[in-house]
Amino acid sequence: MSTPNSAKKRRARVQGGWAAPTNVRSDRDKPKVPAGPAWLGKNVDQPVERKFVYEKPEEDNRVIPPEKTLTKPGVYDISTEPSGVSRLRFFPVFIDPEEANAIYDTLYHELPWRQRTDVKKTGESFLQPRLTAWYGELPYSYSGLTYDACPQWHPTLLMLKDRLEEVTGINFNSMLANLYRDGHDSVAWHSDDELILGPEPTIASLTFGDTRNFELRKKPPPEENGDYTYMEHIKIPLTHGSLLLMEGASQTDWQHRIPREYHDKGPRINLTFRIIYPQ
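Not measured: the values here are computed from a predicted model. Residue indices begin from 1 for each chain and proceed along its sequence in written order. Owing to the predicted nature of the model, reporting of local features is limited to residues with pLDDT of at least 70; listing and counting of side-chain atom pairs is limited to 80 or more, with chain, interface and lining totals taken over all residues. The side-chain figures draw on all heavy atoms in the structure; neither hydrogens nor water molecules are used.

**Side note on the overall build of the chain**
Secondary structure elements are defined from DSSP: runs of H or I of at least 4 residues count as helices, runs of E of at least 2 residues count as strands, and each element is numbered from the N terminus. From N to C terminus, the chain includes four helices and 16 strands. Note on exposure labels: buried denotes an accessible area under 20% of the residue type's maximum, exposed denotes more than 50%, and partly exposed covers the range between, all computed with a 1.4 Å probe on protein chains only. A buried classification covers 38% of the 279 residues belonging to the chain. We call two residues contacting when some pair of their heavy atoms lies within 4.5 Å. Relative to all contacts within the chain whose residues are 6 or more apart in sequence, the contacts with residues 24 or more apart total 74%.

Okay, structure coming up:
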């Protein structure tokens with residue numbers, strides 16, 4: 001039979017078995033187990049694990065817009081941005097064919113046609129692949145060349161100028177004539193956007209002689225870095241006696257050209273009436 005003293009000693013032994021030793025520090029003061037080998041110090045360059053990950057290039061899902069061809073008379077708003085409305089007015093038979101024949105013969109033989117020299121931005125020069133003539137109260141400069149003022153208009157040009165002013169209500173004071181001798185003559189992509197022409201100029205283009213394709217292309221936004229691949233293209237066959245008016249932002253937002261053609265083409269005369277302003 002156990003005595004009260006022996007029971008008391010037994011309870012003390014049991015409680016003492018769960019008691020923490022008095023000479024051990026708290027968890028806060030215990031040494032931390034290192035996360036890795038001791039040699040992985042801060043000042044040691046460690047090899048970086050490199051993995052090759054194949055990234056499929058982004059596909060350009062844009063579609064090249066089909067070229068549009070305009071042959072019917074009408075008013076065409078070819079774009080409304082970024083600078084405003086770009087408008088074309090096309091009259092395939094502005095001048096009767098018989099009268100157009102007589103005008104062509106007169107202009108072909110009587111205008112002072114010359115082949116002039118263009119100067120590129122690089123300083124290189126080359127003969128223009130066409131002949132030109134200029135009439136106007138003021139000189140006109142572009143592509144490194146200057147046309148002197150020529151206020152004495154040929155009578156046939158004055159007649160055409162009066163007829164255009166009656167139809168359009170615009171008083172044109174200058175005209176640049178181009179003679180494309182055959183399909184090899186051309187004019188490269190450009191815009192008639194010189195400061196001397198003012199903002200949003202109206203250009204009236206009359207054609208006499210063989211039909212040539214007149215092409216336009218929309219200027220790309222800055223993020224395209226000059227790439228015209230996905231821009232709109234328009235083609236207009238300019239026929240004998242036709243009139244094309246370019247208005248609004250058509251010089252700001254579009255370029256145009258007469259491309260070379262690799263089959264037989266006869267001569268074509270193009271008269272572009274415009275307004276120029278003193279600078």
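**Observations concerning the packing of aromatic side chains**
Within 6.5 Å between ring centres, the rings of Phe, Tyr and Trp (the latter by its six-membered ring) count as paired, and their orientation is classed by plane angle as stacked under 30 degrees, edge-to-face over 60, tilted in between. Scanning the entire structure with this criterion turns up seven aromatic pairs. Centroid distance Trp134 to Tyr147: 6.1 Å. Interplanar angle 35°. Geometry classified as tilted. With a gap of 13 residues between them, Trp134 in strand β6 (residues 131-136) and Tyr147 in strand β8 (residues 145-147) connect regions that are remote in the sequence. Tyr147 carries the same exposure label as Trp134, and that label is buried. With a centroid separation of 6.3 Å and an interplanar angle of 20°, the aromatic rings of Trp153 and Phe273 are classed as stacked. Of the two residues, Trp153 is situated in the loop between β8 and α3 (155-168) and Phe273 in strand β16 (residues 268-274); the sequence distance between them amounts to 120 residues.

**With respect to the pairing of strand β12 (residues 212-218)**
With six of seven residues buried, β12 is to be regarded as a mostly interior element. Strands pair, by our definition, only if DSSP identifies at least two bridges between them. With six bridges joining them, β12 and strand β13 (residues 233-238) adopt antiparallel strand pairing. Its bridge partner lying in β13, Asn213 is registered against Pro237. The pairing of β12 with strand β15 (residues 254-258) spans four bridges and is classified as antiparallel. Among the inter-strand pairings, Arg217 is bridged to a residue of β15, identified as Gln255.

**Some thoughts on the nonpolar core**
Counting 28 residues, the largest nonpolar core has Leu206, Phe208, Leu271 and Phe273 as the members making the most contacts within it. Looking at this core, the elements that each hand over two or more residues are α2 (97-110), β6, α3, β9 (174-180), β11 (203-209), β14 (243-248) and β16. Each residue touching Phe273, except ones within four places of it in the same chain, is listed here: Trp153, Leu157, Leu160, Lys161, Leu164, Phe172, Ser174, Met175, Thr202, Ile203, Ala204 and Leu206. The nonpolar core is taken to be a set of buried Ala, Val, Leu, Ile, Met, Phe, Trp, Tyr and Cys residues, with the residues joined through side-chain atoms within 4.5 Å. Counting 16 residues, the second largest nonpolar core, distinct from the first, contains Leu88, Tyr180, Leu216 and Leu238.

**A closer look at the sheet that holds β12**
With mixed pairing, five strands are arranged side by side in an open sheet as β1-β13-β12-β15-β10. Two strands close off the open sheet at either side, each with one partner strand: β1 (68-69) and β10 (187-190).

**Examining the side chain of Ser242**
Considering the arrangement of structural elements, one finds Ser242 in the loop between β13 and β14. Note on Ser242: relative accessible area 1%, which makes it buried.

**Points about unusual backbone geometry**
Among all residues except glycine, the phi angle is most often negative; among peptide bonds, the trans geometry is most common. Residue Pro82 is bonded to the preceding Glu81 through a cis peptide linkage, with omega at 5°. You can see Pro82 is positioned in the loop between β2 (74-79) and β3 (86-91). Not every positive phi belongs to a glycine, and Glu200 is a case in point at roughly 50°. Note that Glu200 resides in the loop between β10 and β11. Located in the positive-phi region is Asn225, a residue other than glycine, with phi close to 55°.

**Considerations on α3**
What a helix should span is 1.5 Å times the count of its residues minus one. Relative to the 20 Å expected for 14 residues at 1.5 Å per residue, α3 spans 20 Å between its end C-alpha atoms, a close match to the ideal helical length. Looking at α3, one finds that the buried residues are Thr156, Leu157, Leu160, Lys161, Leu164 and Glu165. Here the buried residues of α3 occupy an arc of 170° about the axis, which is enough to place them on one side. Of the residues in α3, the exposed ones pointing more than 90 degrees away from the buried face are Pro155 and Glu166. If you follow the buried residues of α3, they end up packed against α2, β6, β9, β11, β14 and β16. Downstream of α3 by one or two residues, Gly169 has phi in the positive range, about 75°. This arc is built from the directions going out from the helix axis to the C-beta atoms.

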